[in-house]
Amino acid sequence: HGGGIRSSGTLTIEQSMISNNTASSTSAGAHGGGLNLNNSTTILNSTIVNNTAAGGSSQGGGIRMNNASTTLTIKNSTLSGNTAAAGLGGGININY
C-alpha cells in the first residue's frame, strides 16, 4: 500500500509533486498508488499525477484514504491521470 507515500500520522504535503508511483499486488488489493493515508492529511499547492494502484481489487490510484475519523483537505492542487485496477477511485478512493 502507498506506492509513493504511506502515512499513519497527521501529514501536510505542500508545493510537492507525487508522480509515476505504483502500488501493486498480484493477489490482493494494493491501495494508494500515490498516497495511502490513515490519518488527517492536508495537501496544498501540489500535483498528484500518473500514479497507479495495480492488481486484484486495487483502489485509489492517486489517493486512498482509510479512516472514518480523519479529514482530507485539498487546496489549489491537481489530481490527473491516476488509475485504479478495480475502477474504484482512479483519483481518490475514500474507504469509510
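Residues numbered from 1 in each chain as written. Predicted model: local features only at pLDDT ≥ 70, side-chain atom pairs only at ≥ 80, totals over all residues. Heavy atoms only, no water.

### Some words on unusual backbone geometry
The test is simple: Here a strand is any run of E in DSSP of at least two residues, a helix any run of H or I of at least four, and the numbering for each starts at the N terminus. Using a 1.4 Å probe on the protein chains alone, a residue whose accessible area is under 20% of its type maximum counts as buried, one over 50% counts as exposed, and one in between counts as partly exposed.
Unlike most non-glycine residues, Asn20 shows phi in positive territory, near 60 degrees. For Asn20, the position within the fold is in the loop between β3 (17-19) and β4 (22-24). In this model, Asn50 sits at a positive phi of 55 degrees, which is unusual for a non-glycine residue. Note on placement: Asn50 falls in the loop between β7 (47-49) and β8 (52-54). Its relative accessible area of 42% is what places Asn50 among the partly exposed residues.

### Considerations on the sheet that holds β4
Which entries qualify depends on this criterion: Whether two strands pair depends on DSSP finding at least two bridges between them.
Strand order in the open sheet formed by 3 strands is β4-β8-β12, with parallel pairing between adjacent strands. In this open sheet, the two strands that pair with only one neighbour each are β4 and β12 (83-84). With 3 bridges connecting them, β4 and β8 associate as parallel partners. Residue pairing in the sheet places Thr22 in a bridge with Thr52 of β8.

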